[in-house]
Number of protein chains: 2
Amino acid sequence: MKSISDLIKSKPWFGWVLYIFTIIIVFLISLFASSIIERRTEANLVQQVVTPIADMEPRNEIWGKNYPREFETYKSTMDTSFASKHGGSATIDMLSRYPNLVILWDGYAFSREYNQGRGHYLAVNDIRKTLRTDVPQPATCWTCKSTDVPRMMNKIGIAQFYKTPWKDMGPEIANPIGCQDCHDNKTLNLHITRPALIEAFKRQGKDITNATHQEMRSLVCAQCHVEYFFNGKEDKYLTFPWDKGFSVEDAEKYYDEIEFTDWVHPLSRAPMLKAQHPDYELFRMGIHFDRGVSCADCHMPYKSQGNVKFTNHKIQSPLANISGSCVVCHRVSENELLENVYERQDKIFELSKLATDGLVKAHIYAKACWDAGTTDEQMKPILQLIRHSQWRWDYVSASHGGSFHAPLECARILGTSIEKSQTAIGLEMEILTRLGKPFPVIPDISTKEKAQQYIGLDMPKIYDSKNEFIKSVLPTWDKIMDERQGKY
Amino acid sequence: MKSISDLIKSKPWFGWVLYIFTIIIVFLISLFASSIIERRTEANLVQQVVTPIADMEPRNEIWGKNYPREFETYKSTMDTSFASKHGGSATIDMLSRYPNLVILWDGYAFSREYNQGRGHYLAVNDIRKTLRTDVPQPATCWTCKSTDVPRMMNKIGIAQFYKTPWKDMGPEIANPIGCQDCHDNKTLNLHITRPALIEAFKRQGKDITNATHQEMRSLVCAQCHVEYFFNGKEDKYLTFPWDKGFSVEDAEKYYDEIEFTDWVHPLSRAPMLKAQHPDYELFRMGIHFDRGVSCADCHMPYKSQGNVKFTNHKIQSPLANISGSCVVCHRVSENELLENVYERQDKIFELSKLATDGLVKAHIYAKACWDAGTTDEQMKPILQLIRHSQWRWDYVSASHGGSFHAPLECARILGTSIEKSQTAIGLEMEILTRLGKPFPVIPDISTKEKAQQYIGLDMPKIYDSKNEFIKSVLPTWDKIMDERQGKY
């Protein structure tokens, strides 16, 4: 500094230059500081509650007033353009695409209609309108569809909720899957609102309240995206078959031991199991789970808007947002990643096709055996093979994204399914040959309509009944809910 | 600097302190510089050729004089302690472990002996001693075993080499798989020495000389680690069945079109295919290949000795060196990675077990059909199913590391194998029932010995013959080679 003071002493103008320069620099630094403070303040504002949220508040738009970004992205789950781009229609009609399924689910409501699932925002709309709810169903079917469920369970009790008929509960259920299902109204922390998950953990000797935040980012999804069944002829108590573990064999053993049967197949007379989307269970078998990735990491990656970084609540296939999802970890071109996923799906699909072809044949040959006058005893091992084969195929098939979450596990399961259905067919051929009967010809089931006709579904009647319900009953439900204006 | 000169002027001792300090710093910097220069010089020395290497020099120890690190690590492929640790014995006897295989390979030399492969250094020793070379074999069997092969092909011609009887070629083949197989003697560049790979590429319209260095780091391995067959009854010309592509179905179609058959199964009379280790083909179906990883990246990761970083030529399972191999890219604990691999292997093994159980039954039931007097025409579709089913199972089973390289592809292939063998069994049951015959009882084949007895192998006689060969013929081969002392 000595030399600088010397300089100022010798040339006084230099002091002024230094003075002005310092002023400019300090001014600029202050601008930056101000911007930083402002952004922080804004970020805090974002978290500020504008409207207090009541306990068990089911209305997502009320939550949305406080959390507009999360709400807006959540609301956009009504956008089905991605599915439309990749599947040909906003709601893929799986029975039209794979008419084999009609035969596999003969005697069960799934043979009437089975469409690709859509976004959370459309959950109440879609369950109201599906042909599957035109047969008598318990309110258990509502459990995963609406934020009104915890409210009603709290009001009338869990067991009473489940055993109420589905249609009786209708006027209470208006708000689709949303905020309150996963978030605490005071702290916004993730929480579990559905008893079945808590109870399943308990029976496994685990306390779900000990779950870490990262585990909760999967467990809130596992409230619904799991295999389940309705326990008890009257109770219809929602239960996860996890007591022996999370594998397909563990659940199979569980069902076999309690002799649970979803329905008896009218063709083969096999005691069938219907798999529900065991997404969480299959996800647990894959490498992403092994590496500590959660559902939200890929299906709800963060998003930036202006200065705010928030969790994107447009829950969807990561394939609709590869750059925001996969590429965060995998620095590989989007196209290459997409091809990797499609390759996995194609291979699983190839095995799934072999499995369903075998199962259709096994059911129809079993019917021929019964028609030929075979005995219960001879059919018993065959029916068990069909039960297990279809359960295993369905476990993979019903799972959303299983062929990506755990491709090898899916292939393994399908391999065992194929072995079982083909073994059943061999035994059936033996019976038919011994009884001197020809092998049945597989009927023309090349379209949904032909397959539904083969199993004897009167589809025009079913459609009429549903349309009548939509026209006459649904408006009364909406009216009741509207008149309450949130006064529960 | 002005102030420092002022200081020195005012306090002369400060000038001396500065002077001595500078000397110390410069001395230390010079020490570092010297070390860097020395290391560079040493590294250059490493690359210096001490002994010139002749064209087609087969003796690995001659190459080793110039490249001691590479040679020493190569030589340690004689160490089988890893296999021993993980399998229970230095050379796992696969027929004892899986006696089913004896039935599947009935009528083929593999039913005599099939051991887990060992290191490259032991290749000549092991092929000399296996019971599979006691039946008449062509010199084609030597192709992948020795650095003497390119020398002999150059001397007598490729076609002549293949058609020479294996035993006649014996005295020429002394040096196991080694340096010259993959390296140019002048430039040390990777090169292809086996014609079959070059020819297969040519038939696919590709010029292998256009391959990149990274591709060559897999292609030198693909000279041998591939599916192949001996084309022509007399010619026994080594050929890769890649004309239609690299998939298992591509090769199957290729073999079907040229009506190639390795042997006719004595039980089922099916025209069989024996899969050889399609390691490269299956590796191409996996994610590591997709991401541009080469064989050498994982099986020959670099190693440091003192100042030299070199490619470890102890080619082995990466599981024997997870930290040096996998962890370079995957920053995950060794135990976790190991578990991930074992999980894949277990799932593939489960499907493989279903496949072999089905195949054993299919062969034995086919024999019963023949015994019952069925016709060629009725058996034709069954034999085709058995051919394809066993081919597909063998494709996965014979591949080294396929269940890791491409687990999902392996599961897919095994799924189709299971479907085919089970379909065959069903058709066989139909035939037997129609002819009024009981289903055959699967014999006790719970040990290798029992299985070999069932298919009628006179093992004591086979062992005697081989021991006689080892005692009387092998020493004469060694003597001839020793006397030449490298004068070819």
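If you're wondering where the values come from, they're calculated on a predicted model, not measured in any experiment.

**Focus: the overall build of chain A**
Part 1 of the argument: The number of helices and strands found in chain A is 25 helices and 6 strands.
Part 2 of the argument: Counting only C-alpha atoms, chain A reaches 125 × 55 × 45 Å along its principal axes.
Part 3 of the argument: A sequence separation of at least 24 residues applies to 70% of the contacts in chain A between residues at least 6 apart.
Part 4 of the argument: Only carbon and sulfur atoms are counted for the fraction: they give 57% of the accessible area of chain A, which is about 23,800 Å².
Part 5 of the argument: Placing the 59 positive and 60 negative side-chain charges of chain A at their respective mean positions leaves the two points 4 Å apart.

**With respect to the interface of chain A and chain B**
Part 1 of the argument: Counting residues at the interface gives 34 residues for chain A and 34 residues for chain B.
Part 2 of the argument: Overall, the association of chain A and chain B removes approximately 2,900 Å² of surface from exposure, summing both partners, and the carbon and sulfur fraction of that is 62%.
Part 3 of the argument: Across the contact surface, chain A and chain B share 6 salt bridges.
Part 4 of the argument: Residue Lys347(B) pairs with Glu409(A) through a salt bridge whose shortest N-O separation is 2.8 Å.
Part 5 of the argument: Summed over the shared surface of chain A and chain B, the result is 12 residue pairs in polar contact (both at pLDDT 80 or more).
Part 6 of the argument: Mapped onto the side of chain A that touches chain B, the elements with two or more residues apiece are helix H17 (287–290), helix H19 (334–371) and helix H22 (407–434) of chain A.
Part 7 of the argument: Top contributing element to the side of chain A that touches chain B by residue count: H22(A), with 17 residues.
Part 8 of the argument: Residue classes in the side of chain A that touches chain B are distributed as 14 nonpolar, 7 polar and 13 charged.

**Points about the environment of Val226(B)**
All names here are of chain B.
Part 1 of the argument: Considering the arrangement of structural elements, one finds Val226 in the loop between helix H14 (213–222) and strand E1 (229–231).
Part 2 of the argument: By relative accessible area, Val226 is classed as buried at 0%.
Part 3 of the argument: Taking C-alpha positions, Val226 is 28 Å from Gln452, a pair spaced 226 residues apart along the chain.
Part 4 of the argument: Setting aside anything within four residues of it in sequence, one finds Val226 in contact with Phe240, Trp242, Gln276, His277, Pro278, Asp279, Tyr280 and Glu281.

**Regarding helix H9 (residues 148–156) of chain A**
Residue and element names in this part refer to chain A.
Part 1 of the argument: Those residues of H9 lying buried are Asp148, Val149, Pro150, Arg151, Met152 and Met153.
Part 2 of the argument: Against helix H10 (158–163), helix H11 (166–169), helix H12 (179–182), helix H13 (195–203) and helix H25 (474–484) lie the buried residues of H9.
Part 3 of the argument: Looking one or two residues past H9, Gly157 carries a phi angle of roughly 95°, positive in sign.

**Quick look at the pairing of strand E5 (residues 302–305) of chain A**
Part 1 of the argument: Summarising the sheet, E5(A) and strand E6 (residues 308–311) of chain A pair through 4 bridges and their orientation is antiparallel. From the neighbouring strand, Lys303(A) faces E6(A), where its bridge partner is Phe310(A).

**What about the packing of aromatic side chains?**
Part 1 of the argument: Following the criterion strictly, the structure yields 64 aromatic pairs over all chains and no others.
Part 2 of the argument: Through successive ring pairs, a cluster of aromatic residues spans Trp105(A), Tyr108(A), Phe110(A), Tyr114(A), Trp263(A) and Trp393(A).
Part 3 of the argument: Arg269(B) extends its terminal NZ or CZ atom over the ring of Trp370(B), reaching a point 4.3 Å from the ring centre.
Part 4 of the argument: Sitting over the ring of Phe110(B), Lys274(B) keeps its end group 4.5 Å from the ring centre.

**Description of the state of the cysteines**
Residues and elements named next belong to chain A.
Part 1 of the argument: Summed over the entire model, instances satisfying the criterion amount to 2 disulfides over all chains.
Part 2 of the argument: For Cys144, the disulfide goes to Cys224, at an S-S distance of 2.2 Å. Note on the Cys144 and Cys224 pair: the S-S dihedral is about -95°, so by sign convention the disulfide is left-handed. In this pair, Cys144 sits in the loop between helix H8 (123–129) and H9 while Cys224 sits in the loop between helix H14 (213–222) and strand E1 (229–231), placing the two residues 80 residues apart along the sequence.
Part 3 of the argument: Taking the relative accessible area as the measure of exposure, Cys224 reaches 17% and is therefore buried.

**Topic: the side chain of Arg412(B)**
Part 1 of the argument: Position of Arg412(B) relative to the elements: it lies in helix H22 (residues 407–434).
Part 2 of the argument: Contacts of Arg412(B), omitting those with residues within four sequence positions, involve Lys347(A), Glu350(A), Leu351(A), Val248(B) and Glu249(B).

**Some remarks on the pattern of salt bridges**
Part 1 of the argument: In this structure the tally under the stated criterion is 56 salt bridges over all chains.
Part 2 of the argument: With a closest N to O distance of 2.9 Å, Lys353(A) and Asp357(A) form a salt bridge. With Lys353(A) and Asp357(A) both in helix H19, this residue pair falls 4 residues apart, about one helical turn.
Part 3 of the argument: The residue Arg392(B) makes a salt bridge to Glu252(B) at a minimum N-O spacing of 2.8 Å. Residue Arg392(B) is located in helix H20 (residues 376–398), and its partner Glu252(B) is located in helix H15 (residues 248–257); the two are separated by 140 residues in the primary sequence. By the burial criterion, Arg392(B) is buried, and Glu252(B) matches it.
Part 4 of the argument: Residues joined in a network through salt bridges with shared partners are Glu249(A), Glu252(A), Arg392(A), Glu409(A), Arg412(A), Glu343(B), Lys347(B) and Glu350(B).

**Comments concerning the pairing of E6(A)**
Part 1 of the argument: Of the two faces of E6(A), the one holding Val308(A) and Phe310(A) is buried and the one holding Lys309(A) and Thr311(A) is not buried anywhere.
Part 2 of the argument: Hairpin connection from E5(A) to E6(A): 2 residues lie between these consecutive antiparallel strands, with Gly306(A) at a positive phi of about 55°.

**Considering the relation of the copies chain A and chain B**
Part 1 of the argument: For the pair chain A and chain B, the superposition axis carries a translation of 0.1 Å, the fit reaches an RMSD of 0.2 Å, and the rotation angle comes to 180°. With respect to symmetry, the two chain copies, as superposed, fit the operation of a two-fold axis. Residue Gly426(A), judged by its C-alpha, is the member of chain A lying nearest the rotation axis, at 1.9 Å.
Part 2 of the argument: The overlap is high: 100% of the interface residues of chain A also sit at the interface in chain B, so the same surface is used on both sides.

**Regarding the packing of helix H24 (residues 459–472) of chain A against H25(A)**
Residues and elements named next belong to chain A.
Part 1 of the argument: The N-to-C vectors of H24 and H25 enclose an angle of 25°; their axes lie 4 Å apart at closest approach. Taken together, the axes of H24 and H25 are roughly parallel relative to one another. Taken together, the residues of H25 that come into contact with H24 (itself represented by Phe469, Ile470, Lys471 and Ser472) are Leu474, Pro475, Thr476 and Trp477.

**Looking at the environment of Gln204(A)**
Part 1 of the argument: Relative to the helices and strands, Gln204(A) resides in the loop between H13 and H14.
Part 2 of the argument: Distance in space between the C-alpha atoms of Gln204(A) and Gly245(A) is 8.2 Å, their sequence separation being 41 residues.

**Observations regarding unusual backbone geometry**
All names here are of chain A.
Part 1 of the argument: A positive phi angle is found at Arg269, which is not glycine, with a value near 65°.
Part 2 of the argument: Its place among the elements puts Arg269 in the loop between strand E3 (263–264) and strand E4 (271–272).
Part 3 of the argument: Judged by relative accessible area, which is 43%, Arg269 ranks as partly exposed.

**Focus on the environment of Ala54(B)**
Part 1 of the argument: Looking at the secondary structure, you find Ala54(B) in the loop between helix H2 (12–46) and helix H3 (60–66).
Part 2 of the argument: For the pair Ala54(B) and Asn185(B), spaced 131 residues apart in sequence, the C-alpha to C-alpha distance is 7.0 Å.

**Comments concerning a nonpolar patch on the surface**
Part 1 of the argument: Together, Trp16(A), Tyr19(A), Ile20(A), Ile23(A), Ile24(A), Phe27(A), Leu28(A) and Leu31(A) make up an exposed nonpolar region whose accessible area comes to about 870 Å².
Part 2 of the argument: Note that Tyr19(A) resides in helix H2 (residues 12–47).

**Some thoughts on the nonpolar core**
Part 1 of the argument: Judged by nonpolar contacts, the single largest core of 118 residues is most densely connected at Trp105(A) and Trp105(B).
Part 2 of the argument: Every residue in contact with Trp105(B), bar those within four places of it in the chain, is listed here: Leu95(B), Phe110(B), Ser111(B), Tyr114(B), Trp263(B), His265(B), Lys274(B), Gln390(B), Trp393(B) and Asp394(B).

**What to know about the side chain of His363(A)**
Part 1 of the argument: Checked against the element boundaries, His363(A) lands in helix H19.
Part 2 of the argument: Not counting residues up to four positions away in its chain, the partners in contact with His363(A) are Leu104(A), His265(A), Leu267(A), Ser268(A), Met272(A), Ile386(A) and Gln390(A).

**Digging into the confidence of the model for chain A**
Low pLDDT means the predicted coordinates in that region are not meant to be read closely.
Part 1 of the argument: Model confidence for chain A is summarised by a mean pLDDT of 93, while 95% of its residues fall at 70 or above.
Part 2 of the argument: What the predictor reports for the complex is a pTM of 0.89 with an ipTM of 0.87.

**A word on helix H19 (residues 334–371) of chain B**
Part 1 of the argument: Relative to the 56 Å expected for 38 residues at 1.5 Å per residue, H19(B) spans 55 Å between its end C-alpha atoms, a close match to the ideal helical length.
Part 2 of the argument: Backbone geometry just after H19(B) places Gly373(B) at a positive phi near 90°.

Cut-off values and rules
- Residues numbered from 1 in each chain as written.
- Chains lettered and ligands numbered in written order.
- Predicted model: local features only at pLDDT ≥ 70, side-chain atom pairs only at ≥ 80, totals over all residues.
- Heavy atoms only, no water.
- Helix = DSSP H or I, 4+ residues; strand = E, 2+ residues; numbered from the N terminus.
- Contact = heavy atoms within 4.5 Å.
- Areas by Shrake-Rupley, 256 points an atom, 1.4 Å probe, with all protein chains shown as cover.
- Lys, Arg positive; Asp, Glu negative; His and termini not counted.
- Charge placed at Lys NZ, Arg CZ, Asp CG, Glu CD.
- Buried area = accessible area lost by both parts, 1.4 Å probe.
- Salt bridge = Lys/Arg side-chain N within 4 Å of Asp/Glu carboxyl O.
- Polar contact = N/O pair within 3.5 Å; in protein donor to acceptor, adjacent residues only side chain to side chain.
- Nonpolar A, V, L, I, M, F, W, Y, C, P; charged D, E, K, R; others polar.
- Buried < 20%, exposed > 50% of the residue type's maximum accessible area, 1.4 Å probe, protein only.
- Pairing = 2+ DSSP bridges.
- Phe/Tyr/Trp six-rings, centres within 6.5 Å; stacked < 30°, edge-to-face > 60°.
- Lys NZ or Arg CZ within 6 Å of the ring centre and 35° of its normal.
- Disulfide = S-S within 2.5 Å.
- Least-squares fit on C-alpha atoms with pLDDT ≥ 70 in both.
- Axes fitted to C-alpha atoms, helices over the stretch in contact; angles between N-to-C directions.
- Parallel < 35°, antiparallel > 145°, perpendicular 65-115°, else oblique.
- Patch = residues over 30% accessible without salt bridge, like charges linked within 9 Å, V, L, I, M, F, W, Y side chains within 5 Å.
- Core = buried A, V, L, I, M, F, W, Y, C linked by side-chain atoms within 4.5 Å.
- pLDDT = per-residue confidence, 0-100.
- Expected span 1.5 Å × (residues − 1).

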